[in-house]
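# Topology and contacts: notes
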Amino acid sequence: MFDLWVEAWRKKAAKGDVIVVRYFDDLVVGFEHRAEAEQFLKEFRERLAKFGLELHQEKTRLIEFGRFAARNRKQRGEENPRP
């Protein structure tokens, strides 16, 4: 069901690339645009709540990645993301 929901969300909301990788009960979702990542996270939390589920607070985070990510974090005074 997750795959169907993500595909519908992608068609409705995403302008940039969206990549989904699932590992059993974990997943990584990559976005071309941060605003879309934030929107997806909000809507995914709402979707899970409809079924009485929630994301693990300590394991769920937005991480910038790509060839300029380290430079951008350094310019903002941020450290590397925790493992």
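Residues numbered from 1 in each chain as written. Predicted model: local features only at pLDDT ≥ 70, side-chain atom pairs only at ≥ 80, totals over all residues. Heavy atoms only, no water.

## Looking at the pairing of strand S1 (residues 18-23)
- Sheet topology note: the S1/strand S2 (residues 26-31) ladder contains six bridges and is antiparallel. If you follow isoleucine 19 over to S2, its bridge partner there is glycine 30.
- In sequence, S1 turns back onto S2 through a hairpin of two residues, with phenylalanine 24 there showing a positive phi of about 45°. (Pairing = 2+ DSSP bridges. Helix = DSSP H or I, 4+ residues; strand = E, 2+ residues; numbered from the N terminus.)

## What to know about a nonpolar patch on the surface
- A contiguous nonpolar surface patch, about 590 Å² in accessible area, is contributed by Ile19, Val21, Tyr23, Phe24 and Val28.
- Relative to the elements of secondary structure, valine 28 occurs in strand S2.
- Classification of valine 28 by relative accessible area gives partly exposed; the value is 48%. (Patch = residues over 30% accessible without salt bridge, like charges linked within 9 Å, V, L, I, M, F, W, Y side chains within 5 Å. Areas by Shrake-Rupley, 256 points an atom, 1.4 Å probe, with all protein chains shown as cover. Salt bridge = Lys/Arg side-chain N within 4 Å of Asp/Glu carboxyl O. Buried < 20%, exposed > 50% of the residue type's maximum accessible area, 1.4 Å probe, protein only.)

## Let's talk about the nonpolar core
- Counting 14 residues, the largest nonpolar core has Trp5, Trp9, Phe31, Phe40 and Phe44 as its most contacted members.
- Of all the elements in the fold, those that place two or more residues in this core are helix H1 (2-13) and helix H2 (34-49).
- When residues no more than four places from it in sequence are discounted, the contact partners of phenylalanine 44 are Phe2, Trp5, Leu27 and Leu55. (Core = buried A, V, L, I, M, F, W, Y, C linked by side-chain atoms within 4.5 Å. Contact = heavy atoms within 4.5 Å.)

## So, the packing of aromatic side chains
- Tallied over the full model, the rule gives seven aromatic pairs.
- For the pair phenylalanine 2 and phenylalanine 44, a centre-to-centre distance of 5.4 Å together with 65° between the ring planes defines the contact as edge-to-face. One end of the pair, phenylalanine 2, is in helix H1; the other, phenylalanine 44, is in helix H2, with 42 residues separating them in the sequence.
- By relative accessible area, phenylalanine 44 is classed as buried at 7%.
- Note on phenylalanine 40 and phenylalanine 44: the rings are 5.6 Å apart at their centroids and 20° apart in plane angle, and the pair reads as stacked. (Phe/Tyr/Trp six-rings, centres within 6.5 Å; stacked < 30°, edge-to-face > 60°.)

## Some thoughts on the side chain of glutamate 43
- Along the chain, glutamate 43 falls in helix H2.
- For glutamate 43, a relative accessible area of 17% puts it in the buried group.
- One polar contact links glutamate 43 to glutamine 39, side chain to side chain, over a distance of 2.9 Å.
- Among all residues touching glutamate 43, those that are not within four sequence positions of it are Trp5, Trp9 and Lys12. (Polar contact = N/O pair within 3.5 Å; in protein donor to acceptor, adjacent residues only side chain to side chain.)

## Brief notes about the pattern of salt bridges
- As enumerated under the stated definition, the model contains eight salt bridges in all.
- Of the charged contacts in the structure, one is a salt bridge between arginine 22 and aspartate 3, with a shortest N-O distance of 2.9 Å. Residue arginine 22 is located in strand S1, and its partner aspartate 3 is located in helix H1; the two are separated by 19 residues in the primary sequence.
- For arginine 22, a relative accessible area of 49% translates into the label partly exposed.

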